[in-house]
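# Geometric and topological summary
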Amino acid sequence: MNFLEDIFAKLERAANAPVLQEARELGLAAVNGAELRALIESARVFLRNAGLAKGDRCAVLAHNSIRWAAADLALAAEGIVAVPLYARQAPRELAAMLRDAAPKLILAGDASLAEAIRAEWSDAPRCVTFEEIFASPAGTPEPPVSLADSDPVKIIYTSGTSGEAKGVVLTAGNVNFMLGCTKQRLDQLMRGHSGTERVFHYLPFCFAASWIALLTFLSRGSLPTLSMDLNRLQAEMQLAQPHYFLNVPTLLERVRRGIEENIAKRGGAIAKLFGSARTSWFEQEAGTLNRFGWMWLGIARAAIFPSIRKKIGANLKALICGSAPLSRDTQMFFGMLGIQVLQVYGLTETTAICTMDVPGKSEPGWVGSAIPGMEMKLAENQEIIVRGPNVFSGYWNRPQETAKVLRGGWFYTGDQGEVNANGNWRITGRIKNLIILNSGHNIAPEPIEEKLLKAIPGAQQAVLIGNGRSYLVAVVTGQVQTTEAQAAIDQVNGSLPHYKQVRAFHIEPNVLTVEGGLLTANGKLKRDAISAHFTAQLGMMYREKSA
């Protein structure tokens, strides 16, 4: 039984039970198994009437919703290759990906998204809205078309941090393998739990990890609650009351800062106790905790931490985090509160996942061990290479690019890393992100950027620049005071060799955004674009220091 047949069987068994719901201002709007299956069949009727058949490509441009899930499952059930796109991405970038994918049809969540594509691409293929798609009467439920392991089911475009986005072709075999891995890990996490397994989900389904999460939830019979407004995340989480949910480091860092700032504003005995307990927690990790530290931790666990946990999520068993390395201190911070953070590492090309933390056995600062059934090792320059059933079949219409990364049966990730004696991995940087000074020194920017973010009060982002230059400079975003930034950078520099020290910096009050073209669709830094954007500021920093 493949992943799609398994999900359809689950929906049939849950005909009268809620299987997917949306968080709205007035409460939760759910569909049961029979209702979701009816939506899927409506979309299948529309797709057939539109002339699409197995092997055709169809783009999906929409925000997360029950209808997105139904459309995606309908495409898979017809054997149509879905090309999901990020609804917040610039229309110019979306049009470039659409031209590359050459879909036969574009499904848009609403009329405004459809119009944005038509305005940018006058020769675009037919573009229809979800309203049109789901207006079709549902046909008699039919089994999905037969899918061989080698059949493509998705083309997901990579973020394109250092160039044009590429379409990653994922097959039914990739998905079948990956869902077996994710379900097994969640079985471990939820062992002993009875009743409905609740999940909250806010990450866009157009990203590989988010899509795999959706399929995992449906195939496990969980009840996912979809976020419908990122400005209401806390209220929506309270509605969902999840046992776990998928996160990116940015959100967890924001939650941590919010907790610490709120405690600091309260002041008094609570703030002192919290500070003492936090210090004691980190001393415990370092093996230097004394008996007074045990006392502070014990009091905080009884008097403060339970109320904080309740505000984050009373039922939480774990926060699952991926897409970028999470600060070790932040992972430990949530552990102090009694909430384990499980890290996941992977790329679109590996069907989203290479490593996953084992529940109850995570090591702060590490992203878990390789998933069973695949191999990981280090190649030249500490580059991580992997092979296994999760590795993609190639880039869409890019044989040369495919040949560069698929060599000798191994996928060359472009990530640098290390592995410890327990088999857990740490990601240390990107090969392509290496800064090479004109002195010949090679510098991975990520570890220094993490130190700067931790040290500079109010910093939201830190970007190291210096390729081909004689020294490093930094762009720091957020409401940051110059004197505090300088003091923090001096502190960080004190722990670094001379060639890794930051010699100048520019403070940018406005954070870098996807809409501004300086972040990728999943929030990663577009380093070349950032350097170009701050050309004038870089010129001043280098001239001033060289004068």
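One can find the structure itself at the top, above this paragraph.
Throughout what follows, the structure given in this document is the object of discussion. Just so it is clear, the model here is predicted, and its values are computed rather than measured.

## Description of the overall build of the protein chain
Within the protein chain, the secondary structure is distributed over 19 helices and 26 strands. Its C-alpha radius of gyration of 24 Å places the protein chain within 12% of the 24 Å reference for a compact globule of 547 residues. At a minimum sequence separation of 6, the contacts of the protein chain that also span at least 24 residues come to 66%. For the protein chain, the accessible surface area stands at approximately 23,600 Å², while carbon and sulfur atoms represent 51% of it. When the 56 positive and 50 negative side-chain charges of the protein chain are each reduced to one mean point, those points stand 5 Å apart.

## Some details on the environment of Asn64
Position of Asn64 among the secondary structure elements: in the loop between β3 (57-61) and α3 (66-77). What makes Asn64 buried here is its relative accessible area of 11%. Measuring from C-alpha to C-alpha, the distance between Asn64 and Arg256 comes to 26 Å, with 192 residues separating the pair along the chain. Residues within four places of Asn64 in sequence aside, it is in contact with His201, Tyr202, Leu203, Pro204, Phe205 and Met228. A distance of 2.9 Å separates a polar atom in the side chain of Asn64 from the backbone oxygen of Leu203. Among the polar contacts made by the side chain of Asn64, one reaches the main-chain amide nitrogen of Phe205 at a distance of 2.9 Å.

## Quick word on the sheet that holds strand β25 (residues 472-477)
Read across the sheet, 3 strands follow the order β24-β25-β26 without closing on themselves; strand pairing throughout is mixed. Edge positions in the open sheet fall to β24 (461-465) and β26 (502-508), since each of these has one partner strand only. The average angle at which neighbouring strand axes cross in this sheet is 20°, direction not considered. Here 6 bridges tie β25 to β26, and the two strands are oriented parallel to one another. Looking at the pairing, Val475 lines up with His506 of β26. Helix α16 (residues 445-455) contacts β24, β25 and β26 of the sheet and is inclined by roughly 140° relative to β24.

## Concerning the layout of surface pockets
By volume, the second largest pocket is sized at about 590 Å³. If you go around the second largest pocket, you meet 24 residues; those closest to its centre are Gln234, Val255, Ile259, Asn262 and Lys311. Elements represented by at least two residues in the lining of the second largest pocket include exactly α9 (233-240), β11 (244-247), α10 (249-266) and α13 (305-313). The residue inventory of the lining of the second largest pocket, partitioned by class, reads 16 nonpolar, 5 polar and 3 charged.

## Section: the state of the cysteines
For the structure on display, the rule yields 0 disulfides. Lacking any disulfide linkage, Cys181 is separated from the closest cysteine sulfur, that of Cys354, by 11 Å. Owing to a relative accessible area of 0%, Cys354 belongs among the buried residues under this scheme.

## A few points about the environment of Leu512
Among the secondary structure elements, Leu512 is positioned in the loop between β26 and α18 (527-533). Linking Leu512 and Gln184, residues 328 residues apart in sequence, is a C-alpha distance of 37 Å. Not counting residues within four places of it along the chain, the set of residues in contact with Leu512 comprises Gln461, Val463, Thr477, Leu518, Leu519, Leu525, Ile530 and Phe534.

## Some details on a nonpolar patch on the surface
A grouping of Phe292, Met295, Trp296 and Ile299 is seen on the molecular surface, where their side chains present a nonpolar patch of about 360 Å² in accessible area. For Trp296, the location among the structural elements is in helix α12 (residues 291-303).

## What about the packing of aromatic side chains?
All chains considered together, the criterion is met by 12 aromatic pairs. Relative to Tyr202, the ring of Phe200 lies with its centre 6.4 Å away and its plane at 35°, an arrangement referred to as tilted. With relative accessibility at 0%, the residue Phe200 sits in the buried group. Taken together, the ring pairs connect Phe274, Phe305, Phe333 and Phe334 into an aromatic cluster.

## Some points on the sheet that holds strand β14 (residues 355-356)
With mixed pairing, 9 strands are arranged side by side in an open sheet as β2-β1-β10-β9-β11-β12-β13-β14-β15. Whereas interior strands pair on both sides, the edge strands pair on one side only; in this sheet they are β2 (27-32) and β15 (369-370). Where strand β12 (residues 318-321) meets strand β13 (residues 340-345), 4 bridges bridge the pair, whose relative direction is parallel. Each bridged residue has a counterpart across the sheet, and for Cys321 the counterpart in β13 is Gln343. Along the sheet, helix α8 (residues 208-220) contacts β1 (18-24), β9 (198-201), β10 (223-226) and β11; its crossing angle with β11, the most-contacted strand, is approximately 165°.

Thresholds applied
Residues numbered from 1 in each chain as written. Predicted model: local features only at pLDDT ≥ 70, side-chain atom pairs only at ≥ 80, totals over all residues. Heavy atoms only, no water. Helix = DSSP H or I, 4+ residues; strand = E, 2+ residues; numbered from the N terminus. Rg over C-alpha atoms; globule rule 2.2 N^0.38 Å. Contact = heavy atoms within 4.5 Å. Areas by Shrake-Rupley, 256 points an atom, 1.4 Å probe, with all protein chains shown as cover. Lys, Arg positive; Asp, Glu negative; His and termini not counted. Charge placed at Lys NZ, Arg CZ, Asp CG, Glu CD. Buried < 20%, exposed > 50% of the residue type's maximum accessible area, 1.4 Å probe, protein only. Polar contact = N/O pair within 3.5 Å; in protein donor to acceptor, adjacent residues only side chain to side chain. Pairing = 2+ DSSP bridges. Axes fitted to C-alpha atoms, helices over the stretch in contact; angles between N-to-C directions. 1 Å grid on protein atoms, 1.4 Å probe; cavity = no way out; pocket = protein on both sides within 12 Å on 5 of 7 lines; lining within 4 Å. Points joined across faces, edges and corners; volume = space filled by probe spheres on them. Nonpolar A, V, L, I, M, F, W, Y, C, P; charged D, E, K, R; others polar. Disulfide = S-S within 2.5 Å. Patch = residues over 30% accessible without salt bridge, like charges linked within 9 Å, V, L, I, M, F, W, Y side chains within 5 Å. Salt bridge = Lys/Arg side-chain N within 4 Å of Asp/Glu carboxyl O. Phe/Tyr/Trp six-rings, centres within 6.5 Å; stacked < 30°, edge-to-face > 60°.

That's the geometry; what it means functionally is another story.
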